[in-house]
Amino acid sequence: MNIATKPVNVAAEAASLLDKLGVDKALYTGGDMVSFSPVTGEQIASLKTVSASEAAAKIEKADAAFRAWRLVPAPKRGELIRLLGEELRAHKTELGRLVSLEAGKIPSEGLGEVQEMIDICDFAVGLSRQLYGLTIATERPGHRMMETWHPLGVIGVISAFNFPVAVWAWNTALAIVCGNAVVWKPSEKTPLTALASQAILDRAIARFGDAPEGLSQVLIGDRTIGEVLVDHLKVPLVSATGSTRMGRDVGPRLAKRFARAILELGGNNGGIVCPSADLDMALRAIAFGAMGTAGQRCTTLRRLFVHDSVYDQLVPRLKKAYQSVSVGNPLESSALVGPLVDKAAFDNMQKALEEAKAHGGAITGGERVDLGYANGYYVKPALVEMPKQDGPVTEETFAPILYVMKYSDFDAALADHNAVGAGLSSSVFTLDLQEAERFLSPDGSDCGIANVNIGTSGAEIGGAFGGEKETGGGRESGSDAWRAYMRRATNTINYSKALPLAQGVSFDI
Ligand code: UN1
């Protein structure tokens, strides 16, 4: 069912939301960078960009802010993030709607993304009193050894279009309580939500009162501006979310100057449906994981291995779900699947489907859905039954394509599951304890996220988020991810009247 739509004026609505969110009109009118809404494909704004030297000046300013901010006690820094959480709660509706408008997400997902921002703020406020170091037993009498965590510096954040605000919030909430400044280069596809998020933080900063100027800044610009951030010597850590291709460029550049990287790159997430699986539950988890956000999450389910004993029960039902899922304008309908971000995404999807066909794939769905917008790219999600894991199945295509493969042996399915470059998220559907535990064991799933009886996407902020192999190895968000945003000092204090040397060394002069 495709959902009929009313006409929508995306530019006017964007302007009205930005006005409510307190964004200065001069920032997004009459500029040199045009932005579009995937909802209709129409232009929504023309943004002022920064030059490379302006970007560098902003980084210098952030560095000066960091030097003051690092001396503010951490619980007080937490107060700024508490205020940010309050401002986000107050502006959730408008910001969620702007996410739908600029990234094409359905309303509950636009709002859900803002909820993730609120949740990470709550987490970070608690964390601001828990930046614990260790006390370590020393081998020397009259000595004490401990670890201290110190603020790091200016944190560069590079974010992608698909989570245009939450990923910034994960990084910024932690970075700020850890005593750092933040400079953000958002995706060129979603600059308006970045300006809005910055305006919301600016309001929290104004309420806070005495935060140093320039503590958090946005760089609107293209790739060359991202490069300024990546190469700047006053940026000791860059947290970058995007494609593996982007990570292959960013990672070595950072390594060359010994800067740290948190890389959150591509995912080619897999699921295994075992003979004992609760198929109703699996069906819903797979449908959301594979079709939700129009397949444009890094955690989207892209590969499914189904045991041959349940294949004929599950796959026909899944196909039915694919045929009946509602595709439509997320601003004006209750459709579950919104648009692809742009034409390039559509072309990539079609190319992958062609290749899948050449490798023996049988495709359900995948065709363009005409909602009357020449430049709006809506598609039916595609389910592709593949004879084996081959061709496009091994690569991430950022679109709603689910490759389904039959298996008969769990070990072989697990080996296939792990036999791709990416290592972000994974799921097993089983009621068999041995299979479930095996999937989570050292020779189970090789991903940063491994789930049992829930889908691959929609992780909570309390866990560390990120993946292995070509996903880049970084961790953001919950657990102890905060440590990446601080520097560790090991301190040994001698309170005795002697100077014993470690390892029994004597050096008497
Ligand atoms: C992303 O797609 O870059 O687990 C992040 C999820 C979300 C975050 C996705 N919480 O699907």
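Everything quoted here is computed from the prediction, not taken from an experiment.

Below, the discussion takes up the site of the ligand. Close to the ligand lie Glu116, Asn162, Phe163, Val167, Thr241, Arg297, Cys298, Thr299, Ser457, Gly458 and Ala459. Per-class residue counts for the shell around the ligand are 4 nonpolar, 5 polar and 2 charged.

With respect to the element layout, Leu88 can be found in helix H3 (residues 74-90). Separated by 300 residues in sequence, Leu88 and Lys388 have C-alpha atoms that sit 46 Å apart. Sequence-distant contacts of Leu88, that is, excluding residues within four places in its chain, are made with Val114, Met117, Ile118, Cys121 and Ile200.

All right, on to the nonpolar core then. One finds Cys121, Ala124, Ala173, Leu174, Leu229, Val238 and Tyr485 to be the most contacted residues of the largest nonpolar core, which totals 148 residues. Those residues within four positions of Val238 in sequence are excluded, and the remaining contacts are Gly156, Ile158, Leu229, Val230, Val250, Leu254, Ala259 and Ala261.

Turning to unusual backbone geometry, a few remarks are in order. A negative phi holds for most residues other than glycine; trans holds for most peptide bonds. Even without being a glycine, Lys469 presents a positive backbone phi close to 55 degrees. If you trace the backbone, Lys469 turns up in strand S21 (residues 468-469). In this model, Ser477 sits at a positive phi of 75 degrees, which is unusual for a non-glycine residue. In this fold, Ser477 is placed in strand S22 (residues 476-477). By the C-beta count within 10 Å, which is 27 here, Ser477 ends up buried.

For the rest of this paragraph, the subject is the sheet that holds strand S6 (residues 181-185). As summarised here, the arrangement of the 5 strands in space is S7-S6-S5-S8-S9, forming an open sheet in which the pairing is parallel. Across the chains shown, the open sheet's two edge strands, defined by having one partner strand only, are strand S7 (216-218) and strand S9 (260-264). Between one strand axis and the next, the sheet turns through 15 degrees on average, direction left out of account. Where strand S5 (residues 154-158) and S6 come together, 5 bridges link them in parallel fashion. Looking across to S6, one finds that Val157 is bridged to Trp184. Where helix H2 (residues 52-69) meets the sheet, it contacts S5, S6 and S7, and its direction lies at approximately 155 degrees from that of S6.

Now for the confidence of the model for the chain. Interpretation of this model should avoid reading the predicted coordinates in detail wherever pLDDT is low. Of all residues in the chain, 99% have pLDDT values of 70 or greater, and the mean over the chain is 97. Scoring of the predicted complex yields 0.96 for pTM and 0.97 for ipTM.

This part covers the UniProt feature "domain: Aldehyde dehydrogenase" (unreviewed entry) in the chain. According to UniProt, the "domain: Aldehyde dehydrogenase" (unreviewed entry) feature falls on residues 33-488. Annotation note: span residues 33-488, helix share 39%, strand share 20%, distance between end C-alpha atoms 40 Å.

Definitions and limits used
- Residues numbered from 1 in each chain as written.
- Predicted model: local features only at pLDDT ≥ 70, side-chain atom pairs only at ≥ 80, totals over all residues.
- Near = placed C-beta within 6 Å.
- Nonpolar A, V, L, I, M, F, W, Y, C, P; charged D, E, K, R; others polar.
- Helix = DSSP H or I, 4+ residues; strand = E, 2+ residues; numbered from the N terminus.
- Contact = placed C-beta atoms within 7 Å.
- Core = buried A, V, L, I, M, F, W, Y, C linked by C-beta atoms within 7 Å.
- Buried ≥ 20, exposed ≤ 12 C-beta atoms within 10 Å, placed from the backbone.
- Pairing = 2+ DSSP bridges.
- Axes fitted to C-alpha atoms, helices over the stretch in contact; angles between N-to-C directions.
- pLDDT = per-residue confidence, 0-100.
- UniProt positions renumbered as here; feature names shortened; annotations may be inferred.

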